[in-house]
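Observations on the three-dimensional arrangement
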2 protein chains.
Amino acid sequence: MSLTFRRGLTTMASLKKASKVVCIGRNYADHIAELNSAKPKQPFFFLKPPSSIILPGEGPVIRPRGVDMHYEVELALILGKRVRDHDASDLKGALDAIESYALSIDMTARNVQNEAKKKGLPWDIAKGFDTFLPMSKLIEKSKIQDPHNIELYLKVNDEVRQNASTNLMLFQIPRILSDTSKVMTLEAGDIVLTGTPKGVGPVVPGDVMRAGIRVDGKEIEEARIEIE
Amino acid sequence: MSLTFRRGLTTMASLKKASKVVCIGRNYADHIAELNSAKPKQPFFFLKPPSSIILPGEGPVIRPRGVDMHYEVELALILGKRVRDHDASDLKGALDAIESYALSIDMTARNVQNEAKKKGLPWDIAKGFDTFLPMSKLIEKSKIQDPHNIELYLKVNDEVRQNASTNLMLFQIPRILSDTSKVMTLEAGDIVLTGTPKGVGPVVPGDVMRAGIRVDGKEIEEARIEIE
Ligand SMILES: [Mg+2]
Ligand SMILES: [Mg+2]
Ligand SMILES: [Mg+2]
C-alpha cells in the first residue's frame, strides 16, 4: 500500500459515512437497449442512502418480500476532495478528485422501480433498501491507471452475467463529475457509481454473486465481491 | 434551553452531517389536489442530499438557470436514535425517536420534476440542487408537544401562500417512520421531512420567503425562516 493511499481520507469503514452516494443511470448503450429505455442526452442520476452499503463480509443481500431484485455491477469512485461545477473537459482534474476506487453492485428492486417509472414516482425506494449496495474493498488509485479501460464482471452461481469494458461508458468520468457537481456539491468521501453495462438480471436467495475487475486481463484482488 | 436539549446529539452544524434526508411526498390531501396528483395508498418518499441544506444566515436560495423553483414548507424531524422497522401504531416510540424539530422548505425545480415524472426518471436532480433545503434553527422538542397539531405557514413578500395545520397529514409520524424505516434504517441525526400542505408556488430572485410555526396560535421563535 502506497504512502499516498495511507495518507488518504477514506477508509473502508468511512464509506458508510459518505455524505451521499450519487449513481448514474443508463450509462452503457447495451444496458439501455436491454431495458428498452430511452438513451439520455445527458447523464441523469439518483441517490442511494449510505444505509444501503454493505462492506465485504457484511452480507448477505436481503431481498424484501415481493421484490424482484436485480444486480447491476458498477465502478465506484470515492472522492478525495470537494467538487463543484467541474469542467466536463477536464480529465486530469476529475482523476485528481478521485481518492480511490471500489467495485459496487447497485441492487435494484426492479418491479418497484418499474412501477415508480410508470407512475412518475421517485426511484429512491427501489434503490434504497438496506443491503442494496454491496461494495468491495477500496482499490488504491495506482492500480487503475485508466478507469475508462478496465473490465467489470459479475457472475451468478459461477455463470457470467455481466462482463464489459468501462470504455463503453456513454458519459465518461469528467462529464459525470461535471453534470452531478453542477447540481449538487460533491464532498470528500462521497461515492459516485458510474453505471452498469448490459446483463443485469434477477437474483434469488441462495444465489451467489461474484464480481470483480480486471485490468489488462489481470484480476484486482481488492475489487472482488462475493455475496449471497 | 433545557438540559435534555443540551445533552442531545444534534447541533445546528451537525444537520449537514445527517447521513440522509428522507422526504415524504403527497402527505396533505389539499396539496395533492392542487398538483393533480394521485392520492397515494401508502407514504412514498425520496432523498435530498445533505449538500442542499442551508442554515439560518446562509441564504439566499440559488435558482439554477431555466428552473421554475417552488417552495414547499414542511415540518422536519431530527432523529435522536437509530430506527428500523418501526411499528406504525407506536406513537410513543415514534416521538421518543425524535430528538428535535425544525422547519424546512423543500425547494423543488418544478419543471425538472414534471419532466422527470413524465419520463419516469428519478426526482433527485429536481430536489437536490445546492441551497434547495433551507432549514430553521433547531426547535426543542418540549416546544412542540403534539407535532400533529401545529400550524405551518409560508409567506412570499409578506403574502401568505401556505398556512395549514399538521393535523391534515394523511400519514402521521408513526406511519411515516414505519414505512421509511422498513426500507432504509434511519440513523441518529437523520432528517425526515413530513410533506407540504397546499399553496406551493414559484419564487423568483428578489422574492423574500418567510416561514414559521405557530403552536396554539403563538409563534415559535426558533422556527422562523427568512430567506431570499
Ligand atoms: Mg454523513
Ligand atoms: Mg445502476
Ligand atoms: Mg415536499
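Structural notes, computed from the coordinates. Values in this document were obtained by computation on a predicted structure and should not be read as measured data.

1. A closer look at empty space enclosed by the protein
Residue and element names in this part refer to chain A. The tally for this structure, following the rule as stated, stands at three cavities of 30 Å³ or more. Taken as a whole, the largest cavity holds about 130 Å³ of empty space. Lining the largest cavity are 19 residues, with G25, R26, H31, E72 and W123 sitting closest to its centre. Listed by contribution, the elements that provide at least two residues to the lining of the largest cavity are strand 1 (21-25), strand 2 (44-48) and helix 4 (110-119).

2. Some thoughts on the environment of G195(A)
Residue and element names in this part refer to chain A. Within the fold, G195 resides in the loop between strand 12 (191-193) and strand 13 (201-202). A residue is classified by how much of its surface remains accessible, and G195, at 1% relative accessible area, is buried. In contact with G195, other than residues within four places in its own chain, are I24, N27, Y28, V73 and E74.

3. Some thoughts on the nonpolar core
Counting residues in each nonpolar core, the largest one holds 142 residues, and the members touching the most others are I191(A), I213(A), I191(B) and I213(B). In this structure I213(B) touches L75(B), L103(B), I139(B), I144(B), I150(B), E151(B), L152(B), Y153(B), K218(B), E219(B), I220(B) and A223(B), once residues within four positions along its chain are discounted.

4. Considerations on the relation of the copies chain A and chain B
Superposing chain A onto chain B takes a rotation of 180° combined with a translation of 0.0 Å along the rotation axis, leaving an RMSD of 0.0 Å. Both copies of the chain, as the preceding transformation shows, are related through a two-fold rotation axis. In this assembly, 100% of the residues forming the interface of chain A have copies in chain B that are likewise at the interface, indicating an isologous arrangement.

5. As for the coordination of the magnesium ion (ligand 2)
Residue and element names in this part refer to chain A. At 2.0 to 2.1 Å from the magnesium ion (ligand 2) lie its protein donor atoms, namely E72 (OE), E74 (OE) and D106 (OD). Taken in sequence order, the residues that donate to the magnesium ion (ligand 2) follow the motif E-x1-E-x31-D. With E72 in the loop between strand 4 (69-71) and strand 5 (73-79) and D106 in the loop between strand 6 (98-105) and strand 7 (108-109), the pair connects residues that are 34 residues apart, well separated along the chain. Neither E72 nor D106 differs from the other in exposure class; each is buried.

Procedures and definitions
Residues numbered from 1 in each chain as written. Chains lettered and ligands numbered in written order. Predicted model: local features only at pLDDT ≥ 70, side-chain atom pairs only at ≥ 80, totals over all residues. Heavy atoms only, no water. 1 Å grid on protein atoms, 1.4 Å probe; cavity = no way out; pocket = protein on both sides within 12 Å on 5 of 7 lines; lining within 4 Å. Points joined across faces, edges and corners; volume = space filled by probe spheres on them. Helix = DSSP H or I, 4+ residues; strand = E, 2+ residues; numbered from the N terminus. Buried < 20%, exposed > 50% of the residue type's maximum accessible area, 1.4 Å probe, protein only. Contact = heavy atoms within 4.5 Å. Core = buried A, V, L, I, M, F, W, Y, C linked by side-chain atoms within 4.5 Å. Least-squares fit on C-alpha atoms with pLDDT ≥ 70 in both. Donors = N, O, S within 2.8 Å, 3.2 Å for Na, K, Ca; no water.

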